[in-house]
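Now for the letters of each chain:
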Amino acid sequence: MIALRKDRREWVKKQGKNVDLKRYQKNARKALKTFLSLGPVYIKLGQWLSSRADILPQPYLEELAKLQDEVPAESFDKVRPIIENDLGPMDKNFDFVDTNVISGASLGQVYKARLRGKDVIIKVKRPGIEKIVEEDIHVLKRIIPFAMKFVDPNLRYSAEAMLSQFIETIHEEMDYRIESQNLKAIKKNMQSYPKLIIPSVIDDRSSKNILTMEYLPGIKITNIKALDEAGIDREQIVVRAHRIFFTMLLRHDLFHADPHPGNIAVANDGSLILYDFGMVGRLDNKTRLKLIRLYLSLIERDPARTVSAMDDLGMLMPGFDRNIIEKGLALSIQAFHGTKVDRMEVKALMELANKTMSKFPFKLPKHLALYMRMASILEGVYLTHKVNFRFINVLQNIMEEENIVRDAYVEELKISFGRFVKSIDSAIALVPEIRQFMEQNKNMQQNKLKSRTILLSGTILAAAVFVGSTILYSTNHITGEIGMIGSAVIMGISVLMRDN
């Protein structure tokens, strides 16, 4: 924490430029080793932090991204009681169980078995893990608030939100009934998608602590040698992986948020097999459009709209200084070596977010954080393959197919119009003395009164539109400029009408 405090201060101050990267990498490796030595909960925490551009400097993100959820397995003698407590005698529930573990993760471990003449896998919660999790979370709840007293307010704001999100996520992952529901929902949503295989859950052999599924072996997606020997087109595999995961994100309300290489395998025909649905993100259509509006405002280099989209997503601290954040965003975008935002890959976008978000009091909503995690892990997969591929092209194609860009622009216009109307109402509310002025001058000659009233009314309306437009200009330049021009036209018409 002491090293991170020093590194983050310097990183924010220098915006990641002219810093001692070797020192940062050394400190980040120490953090990685610390997470590994502290056990399962901290490994999960390190993985969660690896996509938090609002909290850690970029070298820390890159180092923690190497954390693999691989923990030495507990002996089967400790696992057997968990299975039998939930399902009954093991020999009556399975034809055969191989007691050699297939994989050991921080929260559970996996075994191969036979059921009704077919191969299945049994995912069993790690013995004693609930007690370990509760003890570690209790420690984190005490240590992090204390440690946050010695860091900058922006980090404090981000870290407090991150901890509550992490605790919620790890509790969800420990309930295999929730994972079963996630798997079934995603399988149903993606059932028409070609070249995608998701295992089926065997409900009568599953519980809160046990998840039994059909056994679907395949080649690990990053095993380049085995994929080449099988004659599988790796470029197509990379494209297919991105289309699958971004289709979940942009078309449905549930997406797989943990696509690390151990959770994706390749069948002999090139189909992708997905495993482990414990960590998922949820996006309703309203939030999805807000996310696309944020993406479009970045592409179009519009800091004002970017800040508005971030505010709508709940990313900014209440009472934030809009002008300072807009200027910071503008500088960060311009300083990105001339790279067009719409051509950036995930790592570049993460670096942009890192250099911007660490300077201000941002709070990354849970499911936006999961999206960033998903995207950054997927990028690591295709960088392994070194194929000709740009994720941004896949993303744009899906958005066009789903008419998402059109819907986002329509939403932007609705929001801008709503703000415009509110700003006009506010401007009119500033001039209650109009009524008093009219009453004081009601004895004037009829024709003089008429001309003055026309001019006054035109002036009031023009002023209201102009004030509203200047307020709106801070969030949408084009609509604001149109409003200003409109106020001039209204004023001109009122002058002409008075003269007539």
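An account of the accompanying structure is given in this report. Predicted, not measured: the structure shown is a model, and the values here were computed from it. (Residues numbered from 1 in each chain as written. Predicted model: local features only at pLDDT ≥ 70, side-chain atom pairs only at ≥ 80, totals over all residues. Heavy atoms only, no water.)

1. Some thoughts on the pairing of strand β3 (residues 108-115)
Here is step 1 of the chain: For β3, a buried count of 6 out of 8 residues is recorded, marking the element as mostly surrounded by other parts of the structure.
Here is step 2 of the chain: In this structure, strand β1 (residues 96-97) lies alongside β3, joined through 2 bridges in antiparallel fashion. The residue of β3 that forms the bridge with Val97 is Ala113.
Here is step 3 of the chain: Between the end of strand β2 (residues 103-104) and the start of β3, which pair antiparallel, lie 3 residues.
Here is step 4 of the chain: Of the strand pairs in this sheet, β3 and strand β4 (residues 118-125) are connected by 8 bridges, and their pairing is antiparallel. By the bridge assignment, Lys112 is partnered in β4 with Ile121.
Here is step 5 of the chain: The hairpin turn running from β3 into β4, its antiparallel successor, is 2 residues long, and Arg116 in that turn takes a positive phi close to 55°. (Buried < 20%, exposed > 50% of the residue type's maximum accessible area, 1.4 Å probe, protein only. Helix = DSSP H or I, 4+ residues; strand = E, 2+ residues; numbered from the N terminus. Pairing = 2+ DSSP bridges.)

2. Quick word on the pattern of salt bridges
Here is step 1 of the chain: Within the structure shown, the criterion is met by 19 salt bridges.
Here is step 2 of the chain: In this structure, Glu179 engages Lys123 in a salt bridge whose closest nitrogen and oxygen atoms are separated by 3.0 Å. A residue pair is termed long-range when its members are at least 10 positions apart, and Glu179 in helix α9 (residues 176-189) and Lys123 in strand β4 qualify at 56 residues.
Here is step 3 of the chain: Under the relative-accessibility criterion, Glu179 is labelled buried at 3%.
Here is step 4 of the chain: The partner of Arg234 in a salt bridge is Asp228, and the shortest N-O contact between them spans 2.9 Å. (Salt bridge = Lys/Arg side-chain N within 4 Å of Asp/Glu carboxyl O.)

3. Describing the nonpolar core
A general trend in soluble globular proteins is that nonpolar side chains are found buried together.
Here is step 1 of the chain: Ile244, Phe246, Phe255, Leu274 and Tyr371 are the most contacted members of the largest nonpolar core, which totals 104 residues.
Here is step 2 of the chain: Broken down by element, this core gets its largest block of residues, 10 residues, from helix α16 (residues 366-385).
Here is step 3 of the chain: With residues near it in sequence (within four places) discarded, Phe255 still touches Ile186, Met248, Leu249, Val280, Gly281, Arg282, Leu283, His367, Leu370, Tyr371 and Met374.
Here is step 4 of the chain: Core analysis: the next-biggest nonpolar cluster, separate from the first, contains 16 residues, Ala113, Ile122, Ile202 and Ile210 among them. (Core = buried A, V, L, I, M, F, W, Y, C linked by side-chain atoms within 4.5 Å. Contact = heavy atoms within 4.5 Å.)

4. Description of the sheet that holds strand β9 (residues 264-266)
Here is step 1 of the chain: One open sheet accounts for 4 strands, arranged β5-β10-β9-β7; its pairing is mixed. If you trace the sheet from one side to the other, it starts and ends with β5 (196-197) and β7 (219-220), each paired once.
Here is step 2 of the chain: Here β7 pairs with β9 via 2 bridges, running antiparallel. Following the sheet pairing, Lys220 is matched in β9 by Ala265.
Here is step 3 of the chain: Against the sheet, helix α11 (residues 234-251) engages β5, β9 and β10 (272-274), with an angle of about 45° to β10. (Axes fitted to C-alpha atoms, helices over the stretch in contact; angles between N-to-C directions.)

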